[in-house]
Amino acid sequence: MDFSFNSDQLLFQDNVRSFLINEVTPERIRELWQSDSGRCDQLWAQLVELGLTALTVPEQYGGMGLGALDFVLLAQECGYAGLPEPLVETMLVAVPLLAELGEAHEGLKHDWLGRVAEGQARLAVCEPGNPLVSDAHVADLLLLSHGDEVHAVPREDVELVRNLSVDPSRQLYQVLWTPGAATCVARGEEAAKLLGRAFERGALGCAAQLLGLAKRMVDLAVDYSFERKQFGKPIGSFQAVKHLMANVAVRIEFAKGPLYRAAHAVAHGEAEQALAVSHARLAASEAALLAARNAIQTHGAMGYTWEVDLQLFMKRAWALDKVWGDHALHKARIREALFDQGRAIGAGTTF
Amino acid sequence: MDLTYTCAQQEFRAEVRAWLQANVPAEALPSFDTEEGFAAHRAWEARLNEGRWGMVTWPTRLGGRGCDLIEWLIFEEEYYRAGAPARVNQNGIFLLGPTLMEYGTEEQKARFLPRMATGQDIWAQGWSEPGAGSDMAAIRSRAERDGDHYVINGQKTWSTRAVWADWVFGIFRTDPGSQRHHGLTFILVPLNTPGITVRPIPQLNGLPGFAEIFFDDVRVPVENVLGGEGMGWHVAMSTAGFERGLMLRSPARFQETARRLVQLYQANRETADRDPAIGEAVMRAWLDAEAYTQSTYMTASQLVKGGRIGPESSTNKIFWSELDLRMHETAMSILGLRGELLPEAPAAGDVGQWLDGFLFAQAGPIYAGTNEIQRNIIAERMLGMPRA
């Protein structure tokens, strides 16, 4: 029994964190907001250079063959940085979905996965049940669901309609396309399984980013609580302000266990991964929403401005809170496991 | 990361389970806040010790098993699962014991630890004073050096278990000119020393779970000082660290409460579901108890690998105490009209110990450093916010 990450995993997290803090600054994110695509080929190239686009690509296609447990800490850092580029969905959802296709699609996998690893191609993936696909405009290949089918559709075969989000970093598109036999890569039970697993990975990646965002918002608010002085003192010296932040710290601390437990469950395909993922997703959401609320409160009127960087992370948290399953869905999955399926509970039943 | 138990850990669990099955009293002992219950719990400590199950994390030469923290978690899971008696000497074995091992002389360890292990010496704590609660550094009780003795005068309060305990540990001001956390000394005092008056304080349930202790020219030999004169604050912080840390609040305790809460809900679902908030609260209780368990396993895994507990451990107390409160509030909501009834009331039915637990849960956010103080600690030491 060892519920901790190894030194390689922690070192990788440190490296990615340093890179993102230096390269994905709030200034750079604001520049991206002004650009046409909202995305930056140069930044993606830097991610490629760090090896991040090869992480979850299986080794036979030129990748590193790592899984959800290796990626979860990096996803947290992507959240912390507010990285607009769709690294988490690409690596944790789209790549494994493509890699899990049957042998009949060996050619397709071979064509695309190696190029993704090398940074020559990009993927977008639909969230089951969400009519909008994020980052479809910069993808070369879209993985879409249609009824009980999965399709792999080149971008030139679709028409995209942009939908603006509260978070200007998000690039959301309606995808207009005509499903055909040529693009169908899985159907029926197989497709349902693939999409089900993709959903768990998507919700896990979302939870990890939300937890990173929560930490970032606390850090910003704590910094501000030193700068801003009232009654002759930094506002952070007042107990009422301290307790706003402490309450978020408690939520963050106790969302880590569920998040890493879920990453392990997904990485090992455990039978209970839905329960673990939903727990992680709810716990991370609650931490992020409370962080947003208490961070804007700590910033006072400045928190309500466009100028202060809090908005970059707060809006992202509000947006991510609703994707890859809303609270109702995740709570229903937990209730079912707990009350209807009679899962063993009590001391000694956690692992 | 490896979330499976090793063969040795599984065998250990089986051994604990088997011993507890054979030894845990079939009928619950009376509360250890009664004289009869205190004696019964003392006897249980002796029985645990005979099986070498009293202090599994203690070294084998002291009657323990040298268990690491993962094995300790396994032991605790089995202990709570078996419904074994509460630990009447928890102030001794979980707080003072580790502190003695860290700061005690060899003579002190030999003198105190074996008797603590067998339950011959039950320990009370003496931190708070009428004027020193959250502000513990405001301690005024004095211990003045007189030859090879200290002479103690003053008053301690909220001393848990002091009514029937044998010893009290606490900090006293040995430097009369000192201020705040300077000039304090950690001293071990036999409660039968002349000059000591113990006045029981009935708790919410009417039982004397804590007491005031009055010291009137109480003479204690200098060899009862732990960690050296003037080191009291430092030693006490280490003890409080154990208290706030892992050892005292087993996740298993909250997991078992959550399990009983789920059962209570399932058995009363027709009435409970009239308020959808109840099912939600029950689900949340289970999730939070799991999160607390996972967090403890993460900390234990770090420590087993040689890491240290960081300032983030100060989030623990808030989390478990608020969880415990919410769980019992939810149980009371499910019980409805029966919630106010004592178990012996003819109409009580199967209300069990929920009311007792509900009353006890009120204390969680207060003792061992109020949750307000904990939030200050989190803000200042973990998040680095400016001090007041």
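Residues numbered from 1 in each chain as written. Chains lettered and ligands numbered in written order. Predicted model: local features only at pLDDT ≥ 70, side-chain atom pairs only at ≥ 80, totals over all residues.

(A) A look at the interface of chain A and chain B. At the junction of the two partners, chain A supplies 40 residues and chain B supplies 48 residues. The element contributing the most residues to the side of chain A that touches chain B is helix H8 (residues 239–267) of chain A, with 14 residues. Of the residues that constitute the side of chain A that touches chain B, the class distribution is 21 nonpolar, 12 polar and 7 charged. (Contact = placed C-beta atoms within 7 Å. Helix = DSSP H or I, 4+ residues; strand = E, 2+ residues; numbered from the N terminus. Nonpolar A, V, L, I, M, F, W, Y, C, P; charged D, E, K, R; others polar.)

(B) Main features of the sheet that holds strand E6 (residues 172–176) of chain A. All names here are of chain A. What the 3 strands build is an open sheet, ordered E2-E6-E5; its pairing is antiparallel. Each edge of the open sheet carries a strand with a single partner, namely strand E2 (132–134) and strand E5 (159–163). Taken pair by pair, the neighbouring strands of this sheet meet at an average axis angle of 45 degrees, ignoring direction. Note that E2 and E6 share 3 bridges and pair antiparallel. From the neighbouring strand, Val-133 faces E6, where its bridge partner is Tyr-173. (Pairing = 2+ DSSP bridges. Axes fitted to C-alpha atoms, helices over the stretch in contact; angles between N-to-C directions.)

(C) Quick peek at the domain arrangement of chain B. Residue and element names in this part refer to chain B. Once the domains are mapped, chain B shows domain 1 (7–88), domain 2 (123–233) and domain 3 (249–382). When each unit is reduced to the centre of its C-alpha atoms, the spacing between domain 1 and domain 3 is 22 Å. Listed by partner, the interface residues are 9 residues for domain 1 and 9 residues for domain 3. When its residues are assigned to classes, the side of domain 1 that touches domain 3 shows 5 nonpolar, no polar and 4 charged. (Domains from an automatic or database assignment.)

(D) Structural detail: the pairing of strand E5 (residues 184–190) of chain B. Residues and elements named next belong to chain B. Counting buried positions along E5 gives 6 out of 7 residues, so the element sits mostly inside the fold. With 7 bridges connecting them, strand E4 (residues 167–173) and E5 associate as antiparallel partners. Across the sheet, the residue bridging to Trp-167 is Pro-190, located in E5. Note: E5 against strand E8 (residues 225–226), 2 bridges, orientation antiparallel. Pairing of Phe-186 across the sheet is with Leu-226, part of E8. (Buried ≥ 20, exposed ≤ 12 C-beta atoms within 10 Å, placed from the backbone.)

(E) Expanded view of unusual backbone geometry. Its identity is not glycine, yet Phe-231 of chain A carries a phi of approximately 55 degrees, on the positive side. For Phe-231 of chain A, the position within the fold is in the loop between strand E8 (229–230) and strand E9 (233–234). Phi angles above zero are rare outside glycine, and Trp-158 of chain B is one such case at about 55 degrees. Among the secondary structure elements, Trp-158 of chain B is positioned in strand E3 (residues 149–160). Taking the C-beta count within 10 Å as the criterion, Trp-158 of chain B has 22 such neighbours and is therefore assigned buried.

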